[in-house]
Every structure is written in structure tokens, then in C-alpha cells.
Amino acid sequence: MKIAIIGAGINGLYLAWKLAERGEEVIVFEKREKIGKEACSGLFSERILEFIPPSSSQRRDERRKTFLRTEIQKLIQNQINSTLIHFPGRTFKIRFSKKFFVMDHFKLDNLVAELAQKAGVKIILNNHINFLPVGFDRIIGCDGAVSLVRKILGLKEPNYRLAIQGVISKRDYSDFVETWPVDQGFIWKIPRGKETEYGIIASPKEAKKVFQDFLAKNKIFIEKISSALVPRGFLAPLNNRITLCGDAVGLTKPWSGGGVIWGLIAADLLLKNFPDFLKYQKEIKRFFLPKIIFSKIATKMVYFFGFNIPWLIPKNVRIKSDFLI
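Because the structure is predicted, anything quoted here is derived from the model rather than measured.

K.L.:
So what's going on with the overall build of the protein? Residues and values would help.
P.N.:
When its secondary structure is counted, the protein shows seven helices and 14 strands. A compact globule built from 325 residues would reach a C-alpha radius of gyration of about 20 Å, and the protein, at 20 Å, matches this within 12%. Projected onto its principal axes, the C-alpha positions of the protein cover 60 × 45 × 35 Å. Counting the 325 residues in the protein, one finds 53% classified as buried. Within the protein, contacts between residues separated by at least 24 positions form 71% of all contacts whose residues are at least 6 apart in sequence. Accessible surface, the protein as shown: approximately 16,000 Å² in total, 54% of it carbon and sulfur. Looking at charge distribution, the protein has the averaged site of its 53 positive side-chain charges lying 5 Å from that of its 31 negative ones.

Pasting the structure below:
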């Protein structure tokens, strides 16, 4: 089949790579002049290794898998085992069942792009589409939070949060992240090894001021500032020729805003059901909606207790990294 993928982010490139390996003809349209997401902390659970490289039982693929794992290891800047949540009256520690990697997201995207191109994918850069391309059997929108494909399909816009991040030139190889909850989000500190990252995810109206106040109070002067909108809301189209994946469908974790692993899980569900997009849409709803609903409730409860009666929350909690339970 001839397939158009709109957006050369991690989800679009992964789908293009795997579909091309199956023998499909895939063209990726990307509006930017280069590949690689820069406005992202690149904090992924070790589950990323389940996707890149993929699992395979064929002996002849072992050398290729080993090579890819080596390339992935080069992108890892630090490893994270837990996070500290600093509420005004108490600090809590959350331990992860799977460790997290701090990775270079820009280089990860380019690695997957290289794999896709080797599989026969054509990537067209600097191509800002205003309408859906014609002549394709299937179209997949992986064009991020502000998705043109979602708009063309007539779906409502999700709610958004604004993420702002920057770094300071301070080496830090700690194995934990620190967070400070704020209204509709949190401020974070991530040890990236050779540097330290600070950022915030919060309401677009409040994020910049709250972040500036935090930095000023703690006398932190950050560099390389970047920002991005993060969608909040699951919007799956009922269409058997056009569908969405990743941030375009609003698949981000309610508590952290992270979306890479969730997006790749959705991509695998799409591959499993391809070319039946209606079946894919039913399956991602069945898989993700209960997790989204539970996560929203759990996050609200933690914030309520944390700000009002923090002594009711255990000081040490363990979660399943990409899912709360």
C-alpha cells in the first residue's frame, strides 16, 4: 500500500520504518528543515529498548540488534531510578519499577530516521502541508500537539499545557529527578550528566511567570531555553483511511506530560491492526482510556493530599514507570 505519514517525529519515523520493512511504500512529510525534536527532556523508561531495536527471534538479526543497542547506549546521558516530589510541607520519594534513561531526543529521532531510510522510506523535509496529500491508500497524522491532520478531520482541539525547559552548565549524575508541584503541573530538575536541566509544565497562562519566580528565588540562571505545547485529551478519529498517533491523538501521561513510550505503544497497536484503522482506534481506546481516567484521578488526589494533608501520603511509593499501576 502507498502510505503518507505526516510528521517526522519519533512516532512517525517508527511507523514508517516498520511499515517499510513489511514492504509498504511509505513517504514521510515533515514541515521542518531537519529531523530531531529539541524541546523535550528525553526522559524515557528502559522500555524504549523494546522498540528500538525491536525484539526478534531470528539469529541472523542478532548482529543488527547488537549494533542498534550499542547506538542507543551512546545516546544515554544518565540513568534515573526515582523522583522526589517536594510539596510545601513534605517530600515524597517515588521509585520506578523500570529505570529511566536521560537521552538525547534529537539524536534518537535521527537514528530512527536512518533506520527508516535504509528500509526504503522517503522523507521529504521542509514540506509544510496545508491539505492532505492525494494518491495514498492510508494517511497517518503524527504531526504533534497542534496537528493539522486532526484539524482537517474536524476533531476538537485538546487542552494544552506549556512546557518550558533550559539547562545550566553543572555536571550532575544523580540517579533521581526532583519536582515541585504547581497548579496544573510541576517544576522539574533533571540531572543530565554533563549538565543539569530545569523546566516546568503548567497552564500556558501561568507557566512562564511561575518558572521565572522559581528560578529567581533559587538564583538559577538557565541557558538554551526552549518550549513546546503538550496536549491533554484523547481524540481518536473514526476513519478507516486516515488516523492519528502520538501527540496528534493526545496520548500523553496525565501526571507528567510525557508521551514517547505511550505513542510507541500506540504505534505498535496500529501496526498490529494495519490496515484496519477502525480496529486500531477501538484497541487504543480500550488500552489507554482506563489508564488515562485512573491516572487523572490519582494525580488529583496526590495534589490534593500533598498540598492540604501531606502526612496521609506514604513517604515512599513505587510505580510501574510508564503506568501508575
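K.L.:
Can you explain the side chain of S41? Please cite residues and give values.
P.N.:
Turning to its location among the elements, S41 is positioned in the loop between β2 (25-29) and β3 (43-45). At a separation of 2.3 Å, a polar atom in the side chain of S41 contacts the side chain of E197. When sequence neighbours within four positions are dropped, the list of residues in contact with S41 reads V102, M103, Q165, W188, I190, R192 and E197.

K.L.:
Run through empty space enclosed by the protein, naming residues and quoting values.
P.N.:
Within the structure shown, the criterion is met by one cavity of 30 Å³ or more. Empty space within the largest cavity amounts to approximately 80 Å³. Looking at the largest cavity, the residues that line it are R161, P231, R232, G233, F234, G250, T252, K253, P254, I292 and K296. Those elements that place two or more of their residues in the lining of the largest cavity are β12 (223-232) and α7 (277-308). Along the lines of polarity and charge, the residues of the lining of the largest cavity split into four nonpolar, three polar and four charged.

K.L.:
For the pairing of strand β5 (residues 90-103), give the residues involved together with the corresponding values.
P.N.:
Judged from the three bridges that link them, β3 and β5 form a sheet pairing that is antiparallel. Each bridged residue has a counterpart across the sheet, and for F44 the counterpart in β5 is F101. Pairing of strand β4 (residues 76-87) with β5, which is carried by 10 bridges, proceeds in the antiparallel orientation. Following the sheet pairing, I80 is matched in β5 by F100.

K.L.:
Now, about the layout of surface pockets: what can you tell me, with residues and values included?
P.N.:
Over the atoms a probe the size of a water molecule is rolled, and this reveals where empty space is left. Put simply, the second largest pocket is a space of about 440 Å³. In terms of lining residues, the second largest pocket is bounded by 21 residues, among which Q77, D104, V167, R192 and E195 are the most central. If one sorts the elements of the lining of the second largest pocket by residue count, strand β8 (residues 159-168) sits on top with three residues. Taken together, the residues of the lining of the second largest pocket break down into five nonpolar, eight polar and eight charged.

K.L.:
Which residues make up the packing of helix α1 (residues 10-21) against helix α3 (residues 105-118), and what are the values?
P.N.:
In the contact formed by α1 and α3, the axes pass within 8 Å of each other and the chain directions differ by 20°. For the element pair α1 / α3, the angle class is roughly parallel. Read as a crossing pair, α1 and α3 show a hand that is left-handed. Each of I10, L13, Y14 and W17 in α1 lies in contact with α3, whose residues at this interface are H105, L108, D109, V112, A113, L115 and A116. Each residue belonging to the contact of α1 with α3 can be placed in one class, and the counts come to nine nonpolar, one polar and one charged.

K.L.:
Account for the confidence of the model for the protein, with residues named and values stated.
P.N.:
Of the residues in the protein, 95% have a pLDDT of 70 or more, and the chain-wide mean is 92. Segment residues 55-59 is flagged for pLDDT under 50; beyond a separation of four residues in sequence, or across chains, it makes four contacts in the model.

K.L.:
Give a description of the pattern of salt bridges that names residues and reports values.
P.N.:
The full count for this structure, using the stated rule, is 13 salt bridges. Between E195 and K224 there is a salt bridge; the shortest N-O distance is 3.5 Å. Remark: K224 occurs in strand β12 and E195 occurs in the loop between β10 (185-191) and β11 (196-202); sequence separation between them is 29 residues. Residue classification places K224 among the exposed residues on the basis of a relative accessible area of 61%.

What counts as what
- Residues numbered from 1 in each chain as written.
- Predicted model: local features only at pLDDT ≥ 70, side-chain atom pairs only at ≥ 80, totals over all residues.
- Heavy atoms only, no water.
- Helix = DSSP H or I, 4+ residues; strand = E, 2+ residues; numbered from the N terminus.
- Rg over C-alpha atoms; globule rule 2.2 N^0.38 Å.
- Buried < 20%, exposed > 50% of the residue type's maximum accessible area, 1.4 Å probe, protein only.
- Contact = heavy atoms within 4.5 Å.
- Areas by Shrake-Rupley, 256 points an atom, 1.4 Å probe, with all protein chains shown as cover.
- Lys, Arg positive; Asp, Glu negative; His and termini not counted.
- Charge placed at Lys NZ, Arg CZ, Asp CG, Glu CD.
- Polar contact = N/O pair within 3.5 Å; in protein donor to acceptor, adjacent residues only side chain to side chain.
- 1 Å grid on protein atoms, 1.4 Å probe; cavity = no way out; pocket = protein on both sides within 12 Å on 5 of 7 lines; lining within 4 Å.
- Points joined across faces, edges and corners; volume = space filled by probe spheres on them.
- Nonpolar A, V, L, I, M, F, W, Y, C, P; charged D, E, K, R; others polar.
- Pairing = 2+ DSSP bridges.
- Axes fitted to C-alpha atoms, helices over the stretch in contact; angles between N-to-C directions.
- Parallel < 35°, antiparallel > 145°, perpendicular 65-115°, else oblique.
- Left-handed = near helix turned anticlockwise from the far one by under 90°.
- pLDDT = per-residue confidence, 0-100.
- Salt bridge = Lys/Arg side-chain N within 4 Å of Asp/Glu carboxyl O.

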